[in-house]
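Letter by letter, the chains look like this.
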Amino acid sequence: MSLQHIADRDDVFARRYDYGDEEVLVADLGVAGDASVDILDDVAIVVFEDEEGSRQIELQLPDGGAQAFITNGVLTIEVGL
């Protein structure tokens, strides 16, 4: 799944911002429980609990250093281009 794919999903409120030298994806996962995100090379692995149980999403990231974090169920990924 790419940054564009998650931004296009109907069940997740997401926005993608392009600042020229940085791309930022912000997605409201709609979770109140535990959630985590890890960056492994060019993939962000997001694990969270929702009403359907445990879910995992893998997002392909563009080349560049990436930072990711989740605060109050909101996923933010910043990728330096």
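Residues numbered from 1 in each chain as written. Predicted model: local features only at pLDDT ≥ 70, side-chain atom pairs only at ≥ 80, totals over all residues. Heavy atoms only, no water.

Q: Can you help me understand the packing of aromatic side chains in this one?
A: Any aromatic ring pair is given by two values, namely how distant the centres are and how the planes are angled relative to each other. Counted by the stated rule, this structure contains one aromatic pair. An angle of 15° between the planes, with centres 6.3 Å apart, marks the rings of Tyr-17 and Tyr-19 as stacked. According to the relative accessible area criterion, Tyr-17 is partly exposed, its value standing at 35%. (Phe/Tyr/Trp six-rings, centres within 6.5 Å; stacked < 30°, edge-to-face > 60°. Buried < 20%, exposed > 50% of the residue type's maximum accessible area, 1.4 Å probe, protein only.)

Q: Would you take a moment to explain the pattern of salt bridges for this structure?
A: Pairing between side chains of opposite charge can happen when the charged atoms of each approach one another. According to the stated counting rule, one finds one salt bridge in the structure shown. With a shortest N-O distance of 3.3 Å, Arg-16 and Glu-23 are connected by a salt bridge. (Salt bridge = Lys/Arg side-chain N within 4 Å of Asp/Glu carboxyl O.)

Q: Which parts of the structure should I look at to understand the pairing of strand E6 (residues 66–71)?
A: In regular strands, side chains alternate between the two faces of the sheet. Sheet topology note: the E6/strand E7 (residues 74–80) ladder contains six bridges and is antiparallel. The residue bridging Gln-67 from the neighbouring strand is Glu-78, located in E7. Between the end of E6 and the start of E7, which pair antiparallel, lie two residues, with Asn-72 showing a positive phi angle near 55°. (Pairing = 2+ DSSP bridges. Helix = DSSP H or I, 4+ residues; strand = E, 2+ residues; numbered from the N terminus.)

Q: What's the story with the nonpolar core in this structure? I'm lost.
A: Proteins that are soluble and globular tend to have nonpolar side chains buried together. Core analysis: the largest hydrophobic core is formed by 15 residues, its most contacted members being Leu-29, Ala-44, Val-46, Phe-48, Leu-59, Leu-75 and Ile-77. For this core, the secondary-structure elements that each account for two or more residues are strand E2 (22–28), strand E4 (43–50), strand E5 (53–60) and E7. Residues in contact with Ala-44, not counting those within four places in the same chain, are Val-37, Asp-38, Ile-39, Ile-57, Glu-58, Leu-59, Leu-61 and Ile-77. (Core = buried A, V, L, I, M, F, W, Y, C linked by side-chain atoms within 4.5 Å. Contact = heavy atoms within 4.5 Å.)

Q: What am I meant to see in the sheet that holds E6 here?
A: Pairing between the strands of a sheet is mediated by backbone hydrogen bonds and can be parallel or antiparallel. The strand order E1-E2-E7-E6 describes an open sheet built from four strands, whose pairing is antiparallel. A strand with exactly one partner marks an edge of an open sheet, and here the two such strands are strand E1 (13–18) and E6. Across this sheet, the average inter-strand angle for adjacent strands is 10°, counted without regard to direction. (Axes fitted to C-alpha atoms, helices over the stretch in contact; angles between N-to-C directions.)

Q: So what exactly am I meant to see when it comes to the pairing of E2 here?
A: Inspection of the sheet shows E1 paired to E2 by six bridges, in the antiparallel sense. Directly across from Arg-16, in E2, lies its bridge partner Leu-25. In textbook terms, the turn of a hairpin is the stretch between consecutive antiparallel strands, and for E1 and E2 this stretch comprises three residues, one of which, Gly-20, has a positive phi near 85°.

Q: Please explain the sheet that holds strand E3 (residues 35–40) as it appears in this structure.
A: If you walk across this open sheet you meet the three strands as E3-E4-E5, and the pairing is antiparallel. The open sheet is flanked by E3 and E5, the only strands paired with a single partner. Strand after strand, the sheet turns through a mean of 15° between neighbouring axes, direction not considered.

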